[in-house]
Each structure stands twice: as structure tokens, then as C-alpha cells.
Amino acid sequence: MAVKKKFPYRAAVVACNGGCRAKKTPGCAYGCIGCGECVKACKFGAVFLNELGVAEVDEDKCIACGKCVRQCPQKVIRLHECANYIVVKCSNKEKGKDARAVCSVSCIGCGLCEKTCTAGAIKVTDNCAVIEEAVCLSCGMCAVKCPRHVIIDQRGILTEKY
């Protein structure tokens, strides 16, 4: 059964890249725990657990119903505008040193993204970058400048897709 998507297209995105699992540390208290509740909630098969046990979303299958968002106990899934390919794949709120200790790819709140953004669309809040999609131009400069590779281009053009 094909589902017609409404414009502007939206889809779920998981704000965790699994860096803490790749580092084999006790883990990030703010990241995906791999419980699978989001997978069970999705009736369209759009959400799956990747090789690290972290939730990922197939944007082509997602209809942005929000069921996975509501089911996530960590609150790391949100809906985003698909026209904006630039996303922050981290939810860690720890300060730089502590964030680095638990995750190989965590936001450290350095602010380089904020300084680079000419549109003023990105702010560091609680030691983590947050993009205001309504303001973002999707130029990707924040993703290119991010020293920790937390901000990514989901197309895989400006940054490697994680």
C-alpha cells in the first residue's frame, strides 16, 4: 500500500550516531539504548536497528506519523523537514571532556557550528548543537566545520553519512 506524502515532506530522524557503542564504553545516558520500541511502533518498516544497535530511519518509507517519536524512552527521535539534509546526530548534554569520554562522535559544545552559520540557524544549547530548521539554509558549512563530525549531511555529499 503506497502512502501519499504531503509537502513539505517530513520524516523521523534519530539524534544519536552510536559512537558510544562503537567505543565500547558504558555508554551515553542521552543516546539510543537500542530497545526497539521505535521499530515495533512503526507500521511501515521505516525504523530499524543498525549494526551498532542504534535506531535509524529509512526516510523513503517514513510517513512522519510520529509513533516512533512518542515511543522512544530516550526522546532522541524527532520529526524533521526532509528538504533540510543537515542534521545533528547527537543528544549528549555533557560538557566536552565528559562527552568525549563516553562517545567517539559526540557534540562537545565547542560552538564552531554556531560561529560558521551565516543564517544563525544553529545554536549550542545544553552543550549540544541544535538546528532551527525553519531558518537553516542547508548550506552544510556547520557540518563541514564540525570537528567531531556530529553534524552530518544525510545525503552523504558534504560529510560521510553515519
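The structure we're discussing is the one just above.
Residues numbered from 1 in each chain as written. Predicted model: local features only at pLDDT ≥ 70, side-chain atom pairs only at ≥ 80, totals over all residues. Heavy atoms only, no water.

Chemist: Teacher, can you tell me more about a nonpolar patch on the surface here?
Modeler: A cluster of nonpolar side chains, contributed by M141, V144, I157 and L158, occupies part of the molecular surface with about 350 Å² of accessible area. With respect to the helices and strands, the residue L158 is situated in the segment after strand 8 (151-153). Note on L158: relative accessible area 36%, which makes it partly exposed. (Patch = residues over 30% accessible without salt bridge, like charges linked within 9 Å, V, L, I, M, F, W, Y side chains within 5 Å. Areas by Shrake-Rupley, 256 points an atom, 1.4 Å probe, with all protein chains shown as cover. Salt bridge = Lys/Arg side-chain N within 4 Å of Asp/Glu carboxyl O. Helix = DSSP H or I, 4+ residues; strand = E, 2+ residues; numbered from the N terminus. Buried < 20%, exposed > 50% of the residue type's maximum accessible area, 1.4 Å probe, protein only.)

Chemist: Looking at this structure, I do not really get the environment of R148. What am I missing?
Modeler: Among the structural elements, R148 can be located in the loop between helix 6 (141-145) and strand 8. Looking at R148, the relative accessible area reads 17%, which means it is buried. In this structure, the C-alpha to C-alpha distance between R148 and A46, residues 102 residues apart in sequence, is 27 Å. Engagement of the side chain of R148 in a polar contact is seen with the backbone oxygen of S104, the distance being 3.4 Å. Of the polar contacts made by the side chain of R148, one reaches the backbone oxygen of S106; its length is 3.1 Å. (Polar contact = N/O pair within 3.5 Å; in protein donor to acceptor, adjacent residues only side chain to side chain.)

Chemist: Honestly, the pattern of salt bridges in this entry has me stumped. Any pointers?
Modeler: Proximity of charged atoms lets side chains of opposite charge pair with each other. Considering all chains together, one arrives at 4 salt bridges under this definition. In this structure, R78 engages E133 in a salt bridge whose closest nitrogen and oxygen atoms are separated by 3.2 Å. With R78 in strand 4 (residues 77-81) and E133 in the loop between strand 7 (128-131) and helix 6, this residue pair connects regions lying 55 residues apart in the sequence. A relative accessible area of 29% places R78 in the partly exposed class.

Chemist: Please explain unusual backbone geometry as it appears in this structure.
Modeler: Glycine aside, residues mostly have negative phi angles, and peptide bonds mostly take the trans form. For N127, which is not glycine, the phi torsion reads 65 degrees and is therefore positive. You can see N127 is positioned in the loop between strand 6 (122-125) and strand 7. Positive phi values are uncommon outside glycine, yet S138 reaches one of about 60 degrees.

Chemist: Looking at this model, I keep getting lost on the pairing of strand 7. Mind explaining?
Modeler: Sheet faces and side chains relate simply in a regular strand, where the side chains alternate between the two faces. Sheet topology places strand 6 next to strand 7; 4 bridges connect them, and they run antiparallel. Note on strand 7: the bridge partner recorded for T125 is C128. A loop of 2 residues connects strand 6 with strand 7, the two strands running antiparallel in sequence, and D126 in this loop sits at a positive phi of about 55 degrees. (Pairing = 2+ DSSP bridges.)

Chemist: Looking at this model, I keep getting lost on the environment of L79. Mind explaining?
Modeler: Its place among the elements puts L79 in strand 4. For L79 and V13, which are 66 residues apart along the polypeptide, the C-alpha to C-alpha distance reads 6.1 Å. Residues contacting L79, with those up to four places away along its chain left out, are R10, A11, A12, A64, G66 and V69. (Contact = heavy atoms within 4.5 Å.)

Chemist: Explanation requested: the side chain of Q154 in the structure shown.
Modeler: Its location among the elements puts Q154 in the segment after strand 8. At 3.5 Å, the side chain of Q154 and the side chain of H80 are in polar contact.

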